[in-house]
Amino acid sequence: MEPNVTCFCVDASPFHPVRRKLLLVFIMLFLWLYLFYCCAGSCAAAVPGAVLLGSPSLADGRPGAEKAPGGAGLLSKLLLLRAGQPGTAPRPASAEPPEAEDTEPGALEPGPISRFFNGSGSKKLPQAIIVGVKKGGTRALLEFLRVHPDIRAVGAEPHFFDRNYEKGFDWYRDLMPRTLDGQITMEKTPSYFVTKEAPARISAMSKDMKLIVVVRDPVTRAISDYTQTLSKRPDIPTFESLTFKNRTTGLIDTSWSAIQIGIYAKHLENWLQYFPMSQILFVSGERLITDPAGELGRVQDFLGLKRIITDKHFYFNQTKGFPCLKKAEGSSKPHCLGKTKGRTHPNIDQEVVQRLREFYRPFNMKFYQMTGHNFGWD
Ligand SMILES: Nc1ncnc2c1ncn2[C@@H]1O[C@H](COP(=O)(O)OS(=O)(=O)O)[C@@H](OP(=O)(O)O)[C@H]1O
């Protein structure tokens, strides 16, 4: 019997009109996704820095690395011009846990779009580090800096140059967020400033490293430090008793870290053996509160960045009692630092405060002399 040719062709053909349409839709979808991926990733990285206005060139931080020409590509800017989105890498499980008081919920995780774009670029060692000081206002500075599209920073404190140095540069680099050409990778670990080995280790990694130190009146800083410890261990002795080796003679216990950290001139001497003053920027912790835009202007200049963060980015939150960002990272909502920043300090005996002021005065004078800047703590 003759087969029905017409029927055979219609039933068995892979080009059935419905299938053909479906195939076409799939191909178009695939092509569209591919193009989108290209533009978001590879193309962005390939855009030459020359397109850009006002972006700096900075070395990638690897020993022997050449300075990257030009700034971030226009496309990279557009892609990463997040309304306050940070370039944050989620903290890997292997990282040292951040101090509980120094996490910024909601500020550390990039949004889905940001995560998608984060797939482009590469991880680099930092070119700038906020090295101190503990309780100086380091978290505020980093969170504010992250608003800048040419800055990408790791959210948690890596503690590489003090606690994790033996883990090696690859471990350290892996903590960093991906960056495109011209973007600056940053981290902050305030304990570096008082770590004896830190300057030599950082210098061994990159002699060009830009160092930022947020300093604050050492007496208030010591009380802030104590307040933090007290919040975790409410049974510790009073600030007054910890301050003295011998209260009757008025001998200060300089071995107490809360006191030690504030002797800035002494710590700075160690850094100056490895870095010239021109590579260290001192930010006033006090001015970071009263004039955040002013201090951020100095920092952007120091980093060779266009002044993008201005007073338009801040508002003073009366309830918090501190300046906050008008737009949180990855969202359009305002963002203040968490409850662990801006704690109420306990009342300290004024005589003890006075004695501490006397103790710090010569060190402060020396520090003003070394930095060429009077921070007005006396
Ligand atoms: N904008 C804004 N919001 C909240 N807090 C601010 C801000 N700017 C500076 N500060 C001050 O930052 C102090 C904490 O400093 P750090 O972030 O360096 O602390 S830490 O070392 O990382 O734990 C913290 O110290 P305390 O007030 O003693 O809690 C604040 O005074």
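Values in this document were obtained by computation on a predicted structure and should not be read as measured data.

**Concerning the packing of aromatic side chains**
Think of a pair of aromatic rings as described by two things: how far the centres are apart, and how the planes are tilted against each other in angle.
Turning to step 1, where the next piece is worked out: Applying the stated criterion across every chain, the model contains 25 aromatic pairs.
Turning to step 2, where the next piece is worked out: Ring plane angle 15° and centroid distance 5.0 Å describe the contact between F375 and W377, whose orientation is recorded as stacked.
Turning to step 3, where the next piece is worked out: Taking relative accessible area as the criterion, F375 reaches 10% and is therefore assigned buried.
Turning to step 4, where the next piece is worked out: Grouped by ring-pair contacts, the aromatic residues F160, F161, Y165, F169, W171, Y172 and Y192 constitute a single cluster.
Turning to step 5, where the next piece is worked out: The lysine or arginine in question, K210, covers the ring of F302, its NZ or CZ lying 5.5 Å from the ring centre.

**Quick notes on the pattern of salt bridges**
Turning to step 1, where the next piece is worked out: Tallied over the entire structure, the rule returns 16 salt bridges.
Turning to step 2, where the next piece is worked out: For K134, the salt bridge goes to D225, with nearest N and O atoms at 2.9 Å. With a gap of 91 residues between them, K134 in the loop between β2 (128-132) and α6 (138-145) and D225 in helix α9 (residues 218-232) connect regions that are remote in the sequence.
Turning to step 3, where the next piece is worked out: Judged by relative accessible area, which is 22%, K134 ranks as partly exposed.
Turning to step 4, where the next piece is worked out: Where D349 meets R247, a salt bridge forms, and the shortest distance between an N and an O atom there is 3.1 Å. One end of the pair, D349, is in the loop between β11 (322-325) and α15 (350-371); the other, R247, is in the loop between β7 (244-246) and β8 (251-252), and 102 residues separate them in sequence.
Turning to step 5, where the next piece is worked out: By sharing partners, the salt bridges in this structure join R287, D291, E295 and R298 into a single network.

**Points about the state of the cysteines**
Turning to step 1, where the next piece is worked out: Evaluated as defined, the whole model comprises one disulfide.
Turning to step 2, where the next piece is worked out: A sulfur-sulfur separation of 2.0 Å characterises the disulfide bridge that pairs C324 with C336. For the disulfide bridge between C324 and C336, the dihedral angle about the S-S bond is near 100°, and by the sign convention the bridge is right-handed. In this pair, C324 sits in strand β11 while C336 sits in the loop between β11 and α15, placing the two residues 12 residues apart along the sequence.
Turning to step 3, where the next piece is worked out: The exposure class of C324 is buried, given its relative accessible area of 1%.

**Regarding the UniProt feature "binding site: 3'-phosphoadenylyl sulfate" (unreviewed entry) in the protein**
Turning to step 1, where the next piece is worked out: According to UniProt, the positions carrying the feature "binding site: 3'-phosphoadenylyl sulfate" (unreviewed entry) are K135, G136, G137, T138, R139, R216, S224, K341, G342, R343, T344 and H345. From the list above, the largest pocket is lined by K135, G136, G137, T138, R139, R216, S224, K341, G342, R343 and H345.
Turning to step 2, where the next piece is worked out: Relative to the helices and strands, G136 resides in the loop between β2 and α6.
Turning to step 3, where the next piece is worked out: Once residues lying within four places of it in the same chain are set aside, the contact partners of G136 are V214, R216 and G285.
Turning to step 4, where the next piece is worked out: Here R139 shows up in helix α6.

**With respect to α6**
Turning to step 1, where the next piece is worked out: Among the eight residues in α6, eight count as buried, and that is most of the element.
Turning to step 2, where the next piece is worked out: Considered for burial, the residues of α6 that qualify are T138, R139, A140, L141, L142, E143, F144 and L145.

**A closer look at the packing of α6 against helix α14 (residues 292-302)**
Turning to step 1, where the next piece is worked out: Two elements in contact, α6 and α14, have axes separated by 11 Å at closest approach and are oriented at 70°. Regarding the angle of α6 to α14, the classification is roughly perpendicular. When α6 is examined against α14, the residues L141, F144 and L145 are found in contact with a partner set consisting of P292, L296 and V299.
Turning to step 2, where the next piece is worked out: Residue composition of the contact of α6 with α14, grouped by class: six nonpolar, no polar and no charged.

**Regarding helix α8 (residues 198-205)**
Turning to step 1, where the next piece is worked out: Of the positions making up α8, those classed as buried are A198, P199, I202, S203 and M205. The arc enclosing the buried residues of α8, seen along the axis, measures out at 155°, which places them on a common side.
Turning to step 2, where the next piece is worked out: Lining the buried residues of α8 we find β2, α7 (168-175), β6 (210-215) and α12 (264-272).

**Let's talk about unusual backbone geometry**
One can expect most non-glycine residues to show negative phi and most peptide bonds to be in trans.
Turning to step 1, where the next piece is worked out: V133 follows G132 through a cis peptide bond whose omega is -10°.
Turning to step 2, where the next piece is worked out: For V133, the position within the fold is in the loop between β2 and α6.
Turning to step 3, where the next piece is worked out: Unlike most non-glycine residues, H159 shows phi in positive territory, near 50°.
Turning to step 4, where the next piece is worked out: Structurally, H159 can be placed in the loop between β3 (151-153) and α7.
Turning to step 5, where the next piece is worked out: What makes H159 buried here is its relative accessible area of 2%.

**Details of the layout of surface pockets**
Turning to step 1, where the next piece is worked out: The volume enclosed by the largest pocket comes to roughly 650 Å³.
Turning to step 2, where the next piece is worked out: For the largest pocket, the lining is made up of 39 residues, of which K135, G136, G137, R216 and K341 are closest to its centre.
Turning to step 3, where the next piece is worked out: Mapped by element, the contributors of at least two residues to the lining of the largest pocket are α6, α9, α13 (285-290) and β11.
Turning to step 4, where the next piece is worked out: Top element by residues in the lining of the largest pocket is α6. It accounts for four residues.

**Examining the site of the ligand**
Turning to step 1, where the next piece is worked out: Near the ligand there are 25 residues, and of these T138, K188, S224, G342 and H345 occur at the shortest range.
Turning to step 2, where the next piece is worked out: Here an oxygen atom of the ligand sits 3.3 Å away from a polar atom, N or O, in the main chain of G136.
Turning to step 3, where the next piece is worked out: Backbone polar atom of R139 to an oxygen atom of the ligand: 3.0 Å apart, as the coordinates give it.
Turning to step 4, where the next piece is worked out: Applying the majority rule of atoms within 2 Å of the grid points places the ligand in the largest pocket.
Turning to step 5, where the next piece is worked out: Put simply, the parts of the chain that give the shell around the ligand at least two residues each are α6, α9 and β11.

Rules used throughout
Residues numbered from 1 in each chain as written. Predicted model: local features only at pLDDT ≥ 70, side-chain atom pairs only at ≥ 80, totals over all residues. Heavy atoms only, no water. Phe/Tyr/Trp six-rings, centres within 6.5 Å; stacked < 30°, edge-to-face > 60°. Buried < 20%, exposed > 50% of the residue type's maximum accessible area, 1.4 Å probe, protein only. Lys NZ or Arg CZ within 6 Å of the ring centre and 35° of its normal. Salt bridge = Lys/Arg side-chain N within 4 Å of Asp/Glu carboxyl O. Helix = DSSP H or I, 4+ residues; strand = E, 2+ residues; numbered from the N terminus. Disulfide = S-S within 2.5 Å. UniProt positions renumbered as here; feature names shortened; annotations may be inferred. 1 Å grid on protein atoms, 1.4 Å probe; cavity = no way out; pocket = protein on both sides within 12 Å on 5 of 7 lines; lining within 4 Å. Contact = heavy atoms within 4.5 Å. Axes fitted to C-alpha atoms, helices over the stretch in contact; angles between N-to-C directions. Parallel < 35°, antiparallel > 145°, perpendicular 65-115°, else oblique. Nonpolar A, V, L, I, M, F, W, Y, C, P; charged D, E, K, R; others polar. Arc of directions from axis to C-beta. Points joined across faces, edges and corners; volume = space filled by probe spheres on them. Near = heavy atom within 4 Å. Polar contact = N/O pair within 3.5 Å; in protein donor to acceptor, adjacent residues only side chain to side chain. Sits in = over half its atoms within 2 Å of the grid points.

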